[in-house]
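Residues per chain, in single letters:
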Amino acid sequence: MSRSPNKAGLRSAVASPILLILGLVILSGVAYAAGGNLPATVTELLVYVVLVVGLQIFIGNSGIVSFGHIVFGLVAAYASTWQTCCSGLKSFYMPGLPAFLLDNSIPVLPAALLAGLVAVLFALVIGVPLMRLSGIASGIALFGVLAMVKAVYETWDGWTAGTSSIIGLPRYVDLPVALGAASAAIVIAFLFRNSRYGLMLRAAREDEVAARAAGIPVVRLRILAHLVSAFVIGIGGVLYVHYIGTISVDVFWLDMTFLTLAMLVVGGLRSVTGAVVGVVLVRLVTELLRLLEDGVGIGGHVLVFPPGSQQAALAIVLLVILLFRPEGLYGSRELTWPIGRPRAGSGKSEETSP
Amino acid sequence: MNQILQIAFDTISLGALYALAALGVGLVFGVMRLVNFAFGDYITWAGYALLLPAIGFGASLGGAGLAVLSVALPVAVAIGLALLTERIAFHPLRRADSSTLLIASFAVSYLLQNLILMTVGGRPQSVDIGGALAGLVVLGGVRLAILDLVTLGVAAALMAALYFVLSHTLIGIQLRAASENFGMARLLGVRANRIIAAAFALSGLLAAFVSLLLVAKTGSLDYRMGMPLVLAAFIGTVVGGLGNIVGAAVGGFLIGAVAMICQHVLPADLRGGRDAFVFAFVVLVLLVRPRGLLTSTKSLERV
């Protein structure tokens with residue numbers, strides 16, 4: 001637990017986020033130049049980067065696989081909706097809102113940041129009791145929180161329009177906005193990971209008993225990671241609903257939970273690089289399969305796959321990746337400069353898998 | 001008074017169904033540290049097995065033949081599927097950590113769901129196997145659905161059988177030993193492959209009966225029908241104490257019971273938020289007993 005990271009560590013701490021962001025910038029540039037559907041597709045991908053990197057901040061550093069962190073996306077997205085939604089229709093969808101929210105529309109950027117803070121506040125309230133739990137009990141308790149909030153929001157008609165969707169959110173999330181947010185998420189994730197808090201928490205992940213014995217305040221550090229993660233996921237949720245332009249409670253439920261977790265695990269949940277690579281890879285596979293589902297011409301015949309085959313193929317791809325790389329594609333490594341590495345291994349990895 | 005008896009009966013009946021499902025999840029978790037989300041799809045596939053043409057032929061055999069076929073086919077499909085998924089997907093991942101296994105089981109589950117979507121289609125199918133079981137009997141002023149009585153009977157019989165297998169047969173004793181400490185059990189000569197296959201087979205068997213009871217009640221099939229059950233079962237095993245087979249049954253039962261009690265006790269305008277109360281209960285239990293209600297010695301931390 002040295003306070004001044006060694007040279008290799010420093011190299012990776014600075015190089016990895018720069019390289020990752022550079023990669024996303026190039027991806028966005030290509031998409032922008034290509035036009036068509038691509039800018040929209042890549043925008044959605046970048047929003048998923050925010051969500052999955054947010055998940056990684058908690059899961060990767062604490063080692064607790066949470067099934068509930070999407071709840072912060074839900075909470076923040078509704079908080080942003082209350083502030084920015086569809087001025088004329090606000091009282092139609094959400095008649096229960098207090099007057100200062102009904103009568104005012106807040107600009108989108110402060111609204112998003114405020115919504116992120118609402119998620120952090122909520123995370124603090126549930127985190128203080130729940131972060132004492134470890135392992136799978138913690139993951140389930142967090143899922144319990146997600147299910148509770150979902151049930152509450154679905155019955156809380158006056159503020160959330162219940163189970164129906166709210167349509168007409170300002171759609172301000174385009175390629176540059178999403179790129180900026182994804183880059184910020186990556187920087188936050190690396191700052192946390194390489195801070196002494198991140199280092200201590202990762203030590204506790206490997207061996208909780210030893211870490212406690214060494215005086216590491218495990219619970220407090222978990223709460224910290226939980227709060228940072230809640231903010232990033234909250235922003236991700238806000239961007240997601242302002243990208244699609246509608247919001248309903250269902251958006252942030254099992255499908256998104258599983259999809260984001262799958263992205264994280266495929267890439268390797270112990271590394272931020274893994275989180276980003278997982279998103280890109282899963283999205284790439286989905287897009288390719290979508291093209292296939294539109295029909296493939298083989299020798300004059302057009303082969304059309306029945307509905308569901310795209311998802312079935314995605315599941316097979318995921319399984320194959322997991323079978324060959326159970327630690328995820330990146331394991332616990334981060335991206336580093338491809339050249340000028342001191343020695344194979346020494347700059348790449350500072351942790352070993354258990 | 002009658003109403004209380006009625007509620008108690010409903011509660012026990014749903015609790016029994018959830019307990020069976022939780023046992024199915026808990027048995028596999030015990031030996032493999034795998035939270036198997038595909039268990040829900042064993043349930044679904046067992047239900048869809050009722051659409052197989054063989055059942056149609058069974059009708060010509062008359063009542064008894066049909067009844068035997070409509071139990072045997074789902075059981076065979078669920079056990080076969082459980083063993084097949086173990087072999088193809090989970091066996092190679094045995095040494096991976098539990099989050100990887102978990103995601104692999106999501107992928108298997110997703111695949112199985114979409115295979116149904118591709119072949120049968122997404123529209124719910126109606127199946128009538130509960131016809132003979134519909135109706136009520138009145139016992140001491142309490143109206144009891146025959147189906148609920150059957151559910152209770154089947155659950156009790158299965159649990160008794162499972163108890164016998166686990167406590168009196170070699171494979172059952174090995175299974176419990178492996179759940180307590182897999183590494184130690186192997187050192188003492190328990191065959192890993194055999195014991196894991198046995199756990200999956202038992203899990204498939206339970207899935208088939210859960211499916212039959214569920215379909216008899218709802219009369220319809222849906223390609224995601226196993227999902228709510230597997231979630232409840234999974235949460236039940238955690239509440240009961242992971243790695244403890246009795247705990248799984250207790251936990252599953254509690255989840256079903258709490259859900260049913262909330263259904264009856266909550267005022268009408270809060271009933272929609274029933275799940276919020278169920279999950280609040282789960283979170284509370286975990287806060288008080290982070291390792292679940294019944295804890296196996298293995299999960300105690302040693303330095």
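See the structure printed just above.
About the cut-offs
Residues numbered from 1 in each chain as written. Chains lettered and ligands numbered in written order. Predicted model: local features only at pLDDT ≥ 70, side-chain atom pairs only at ≥ 80, totals over all residues. Heavy atoms only, no water. Salt bridge = Lys/Arg side-chain N within 4 Å of Asp/Glu carboxyl O. Helix = DSSP H or I, 4+ residues; strand = E, 2+ residues; numbered from the N terminus. Buried < 20%, exposed > 50% of the residue type's maximum accessible area, 1.4 Å probe, protein only. Expected span 1.5 Å × (residues − 1). Contact = heavy atoms within 4.5 Å. Buried area = accessible area lost by both parts, 1.4 Å probe. Polar contact = N/O pair within 3.5 Å; in protein donor to acceptor, adjacent residues only side chain to side chain. Nonpolar A, V, L, I, M, F, W, Y, C, P; charged D, E, K, R; others polar.

Draft legend 1. Expanded view of the pattern of salt bridges. All names here are of chain A. Taken as a whole, this structure holds 12 salt bridges over all chains when the rule is applied. One salt bridge connects Glu206 with Arg270, and the closest N-O pair in it is separated by 2.9 Å. With Glu206 in helix H10 (residues 196-206) and Arg270 in the loop between helix H13 (254-267) and helix H14 (272-293), this residue pair connects regions lying 64 residues apart in the sequence. What makes Glu206 partly exposed here is its relative accessible area of 36%. What makes Arg270 buried here is its relative accessible area of 11%.

Draft legend 2. Highlighting helix H6 (residues 146-168) of chain B. Residues and elements named next belong to chain B. Compared with an ideal rise of 1.5 Å per residue, which puts 23 residues at 33 Å, H6 spans 32 Å between its outermost C-alpha atoms and is within 8% of the ideal. What H6 keeps buried is the set Leu147, Asp148, Thr151, Ala155, Leu158, Leu162 and Leu166. Residues of H6 that are buried sit in contact with helix H1 (2-32), strand E3 (142-145), helix H7 (170-180), helix H9 (192-218) and helix H11 (245-265).

Draft legend 3. Up close: the interface of chain B and chain A. Between chain B and chain A, the residue contacts involve 42 residues of the former and 42 residues of the latter. Of the roughly 3500 Å² buried between chain B and chain A on both sides combined, carbon and sulfur atoms contribute 84%. If you sort the residues of chain B by the area they bury against chain A, B:Ile103, B:Met118 and B:Leu287 come out on top, with a joint share of 16%. At the boundary of chain B and chain A, one finds 1 salt bridge. On the surface where chain B and chain A come into contact, there are 2 residue pairs in polar contact (both at pLDDT 80 or more). Elements with a contribution of two residues or more to the side of chain B that touches chain A: helix H4 (63-90), helix H5 (98-119), helix H10 (227-240) and helix H12 (274-288) of chain B. For the side of chain B that touches chain A, the element with the most residues is H5(B), which contributes 13 residues. Its residues assigned to classes, the side of chain B that touches chain A shows 33 nonpolar, 5 polar and 4 charged.

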